[in-house]
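Per-entry structural report
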Amino acid sequence: FIAMDQPKHDVQRKTVAPVVSTRNLAAMESLIRERTGNVLDSLPEGETFNWVDKVSIELTTQMLATLFDFPFEERAKLTRWSDVATAVPGGGVIDTEEQRREELIECLVYFTRIWEERKANPTDDFVSMLANGKDTKDMEPLEFLGNLILLIVGGNDTTRNSISGGVRFLNQFPDEYQKLMANPGLIPNMVPEIIRYQTPLAYMRRTTTRDVKLGDKLIPEGDRVLMWYVSGNRDSSMIDEADRFWIDRPKARQQLSFGFGIHRCMGNRLAEMQLRVLWEEIVSRFERVEVVGDPTYVNSNFVRGYSDLPVIVHRK
């Protein structure tokens, strides 16, 4: 539904939105905190490890499994399908477009089986709501797959890379790290600043429905245009010291990483809660999460993310 116009967009989005309602998020917080604590307590001390693998991927995949009521022991499939959906062929995740299609069809087959189960025995998850919603229960298979991939990528790449980015930025700006440790009350304001500074998805593409003049440029009907969120988030005409990571930035929530308008990220409050809880648990356990090497980036111009971030944790 991210590629749909009204009214079809609205009814499909409305069908699954209750999963991330304010009431449901309040009920999820204790589970998120428990899982976050367990992951952080399991981290090795005094040795280098990959924060992306041990923390960022693990926490986001556990959350995805909950949102889809997906078999917990098989949750790594969700990460794989998310990576496959956005990967550049030959970039290390998939070799060809044909491989992408084959793996995403595997995703569709797996979720079609879950769809049939949830039609008979619904729970409060994304698939149950799609399978039983009056406006979504008759979706064609590829439309179902499109919505699945939207929800999987939306819940995976974004939060995962902001979890990694926050650690990296606090190491790049040590004065901000000291500020955080001296005043953990800054965490709720720091979270949207992390999301702005990372901008996990760089852009969205749209197609013009008519000729339009923007500034002194004519964009013809049918042209493809990119909305560069990453550029907007570093726009010095709108954001003071836009290239600075500033955890007590005034008006930190005024950022574009979640998009804008009818397609604004449906799970933005969940993402912010996951990051808030994570940093609350980090500062209660660690003096510092120290980055000890250069990050490895994913090979993509769409996903701004990391495959490796070497760190050492220093416990209190």
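Residues numbered from 1 in each chain as written. Predicted model: local features only at pLDDT ≥ 70, side-chain atom pairs only at ≥ 80, totals over all residues. Heavy atoms only, no water.

**Some words on the sheet that holds strand 1 (residues 49-50)**
Overall, antiparallel pairing links the three strands, which are arranged 1-9-6 in an open sheet. Of all the strands in the sheet, the pair left with one neighbour each is strand 1 and strand 6 (286-291). Bridge count between strand 6 and strand 9 (residues 310-315): five bridges; the pairing is antiparallel. Note that in strand 9 the partner of glutamate 290 across the bridge is isoleucine 312. (Pairing = 2+ DSSP bridges. Helix = DSSP H or I, 4+ residues; strand = E, 2+ residues; numbered from the N terminus.)

**Thoughts on unusual backbone geometry**
Geometrically, the link from glutamine 6 to proline 7 is a cis peptide bond, its omega value of 5 degrees lying close to zero. Mapped onto the secondary structure, proline 7 falls in the segment before helix 1 (8-16). Here threonine 199, not a glycine, exhibits a phi torsion of approximately 45 degrees, which is positive.

**Quick look at helix 9 (residues 187-198)**
An α-helical segment advances 3.6 residues per turn. Residues three or four places apart therefore align on the same side. Taking 1.5 Å of rise per residue, twelve residues should cover 16 Å, and helix 9 covers 16 Å from first to last C-alpha, within 8% of that figure. Within helix 9, ten of the twelve residues are buried, leaving the element largely enclosed by the surrounding structure. Of the residues trailing helix 9, threonine 199 is marked for its positive phi of about 45 degrees. (Expected span 1.5 Å × (residues − 1). Buried < 20%, exposed > 50% of the residue type's maximum accessible area, 1.4 Å probe, protein only.)

**Details of the side chain of glutamine 255**
One can find glutamine 255 in the loop between helix 10 (229-232) and helix 11 (268-285). Among the polar contacts listed, one links the side chain of glutamine 255 to the backbone nitrogen of serine 257, at a separation of 2.8 Å. When neighbours within four sequence positions are excluded, glutamine 255 is seen to be in contact with Pro192, Ile195, Arg196 and Asn233. (Polar contact = N/O pair within 3.5 Å; in protein donor to acceptor, adjacent residues only side chain to side chain. Contact = heavy atoms within 4.5 Å.)

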